[in-house]
Amino acid sequence: MSRPEVLVHRDGDLLAAAVAARLITALVDAQRVRGVASLVLTGGRTGTAVLERLRGASARDAVDWSRVDVYWGDERFLPAGHPDRNETQARAAFLDHVPVSRVHAVEPSDGRFGDDPDAAAAAYAAVLDPMPEFDVFLLGVGEEGHTASLFPSSPAVLERERTAVAVRDCPKPPPTRVSLTLPAIRRAREVWLMTTGEAKAEAVAAALAGASEVDIPAAGATGTGRTLWLLDTAAAADL
Ligand SMILES: O=C(O)[C@H](O)[C@@H](O)[C@H](O)[C@H](O)COP(=O)(O)O
């Protein structure tokens, strides 16, 4: 488990551009060593902004996108193509603009398992068995400290066996999701937590001050090799 490192950028736009640049380098390095790379995407505004900047990055195609395995740290359990699905937003922002061929999406609520998030979660856990050693696991952070779809004091944040679970009654809409769990997140070589804005400052400070992962799930998101908190000035205000 790696100790968190903190990087602060002036504002959200610069953060998104800097994370996109960092991601290109990380994936190029991974492909140099292993021939392939594995990347876990996040939903939310910050994660999507990074993908939009990645799409326009001049060095984008230094990465062989046909040899990148793409996963999601969580997914909103909605019909295929629904505008609120993380996959839909990631495809519009980036994936549909590059020659990715190894995209591992969570089943939609009108997919093979119908409206059964537990079955979709079990199927995603099977995709993750054997668990890839994710090169970069991107995560956002909620105002109350959630990450992926792991919310404070929820059964999902307490999960220690399964790698993917269904989450219901989420405080952040939509209410039903599939989320990777902390044991899955902690298998990543690098975990990058990215967030902006003063509304996140309290949760960021609590997580970095050693809060319990039950109270601040983002505090439990650590990589085996590196844990990076990538913030704008506002989100870092309480550090
Ligand atoms: O599906 C989701 O909603 C995300 O996975 C969620 O964990 C998000 O990353 C955080 O809520 C931060 O969202 P913002 O970046 O929009 O603040």
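Scroll up to find the structure.
Here the structure is a predicted model, which means the values were calculated and not measured.

Engineer: Is there a simple way to explain the sheet that holds strand E9 (residues 190–195) in this structure?
Structural biologist: One key point about sheets: their strands pair by backbone hydrogen bonds, in either a parallel or an antiparallel sense. Pairing in this open sheet of 7 strands is parallel, and the strands run E1-E10-E9-E6-E2-E3-E5 from one edge to the other. Each end of this open sheet is capped by a strand with a single partner; those strands are strand E1 (4–9) and strand E5 (102–103). Pairing between strand E6 (residues 136–139) and E9: 4 bridges, direction parallel. Looking across to E9, one finds that Leu138 is bridged to Trp192.

Engineer: Would you explain helix H2 (residues 45–56) in this entry?
Structural biologist: Taking 1.5 Å as the rise per residue, H2 with 12 residues should run 16 Å; its terminal C-alpha atoms sit 17 Å apart, in good agreement. Of the positions making up H2, those classed as buried are Thr46, Gly47, Thr48, Val50, Leu51 and Leu54. Close packing links the buried residues of H2 with helix H1 (12–34), strand E2 (37–41), helix H3 (86–93) and E9.

Engineer: Explain the site of the ligand here, please?
Structural biologist: In the vicinity of the ligand, 15 residues are found, and the nearest of them are Arg45, Asp74, His146, Ala148 and Lys200. Here an oxygen atom of the ligand sits 2.9 Å away from a polar atom, N or O, in the side chain of Thr46. Between the ligand and Ala148, the relevant distance is 2.7 Å, taken from an oxygen atom to a main-chain nitrogen or oxygen of the residue. Relative to its free-state accessible area of 420 Å², the ligand is covered by the protein chains to the extent of 96%. Among the secondary structure elements, those contributing two or more residues to the shell around the ligand are H2 and strand E4 (74–76). The residue makeup of the shell around the ligand, split by class, is 2 nonpolar, 7 polar and 6 charged.

Engineer: Would you explain the pairing of strand E8 (residues 177–180) in this entry?
Structural biologist: A regular strand places its side chains on the two faces of the sheet in alternate fashion. Across the two faces of E8 the burial is the same, with Arg177 and Ser179 and Val178 and Leu180 all buried. Sheet topology note: the E4/E8 ladder contains 3 bridges and is antiparallel. Note that in E8 the partner of Glu75 across the bridge is Val178. Here 4 bridges tie strand E7 (residues 164–167) to E8, and the two strands are oriented antiparallel to one another.

Engineer: Hey, could you run me through unusual backbone geometry in this one?
Structural biologist: Backbone phi values are negative for most residues with the exception of glycine, while trans is the configuration of most peptide bonds. The omega angle of the peptide bond from Asp129 to Pro130 is 5 degrees, so this bond is cis rather than trans. When you line up the elements, Pro130 lands in the loop between helix H4 (117–127) and E6. That bond from Pro173 to Pro174 is cis: its omega, -5 degrees, falls within 30 degrees of zero. Residue placement: Pro174 occurs in the loop between E7 and E8. Phi angles above zero are rare outside glycine, and Ala148 is one such case at about 50 degrees. The residue Ala148 is located in the loop between E6 and helix H5 (155–158) in this model. Backbone geometry at Ser153 places phi at a positive 55 degrees, although glycine is not the residue there. Tracing the sequence through the fold places Ser153 in the loop between E6 and H5.

Thresholds applied
Residues numbered from 1 in each chain as written. Predicted model: local features only at pLDDT ≥ 70, side-chain atom pairs only at ≥ 80, totals over all residues. Heavy atoms only, no water. Pairing = 2+ DSSP bridges. Helix = DSSP H or I, 4+ residues; strand = E, 2+ residues; numbered from the N terminus. Expected span 1.5 Å × (residues − 1). Buried < 20%, exposed > 50% of the residue type's maximum accessible area, 1.4 Å probe, protein only. Contact = heavy atoms within 4.5 Å. Near = heavy atom within 4 Å. Polar contact = N/O pair within 3.5 Å; in protein donor to acceptor, adjacent residues only side chain to side chain. Areas by Shrake-Rupley, 256 points an atom, 1.4 Å probe, with all protein chains shown as cover. Nonpolar A, V, L, I, M, F, W, Y, C, P; charged D, E, K, R; others polar.

Functional significance is not addressed by these values, which are geometric in nature.
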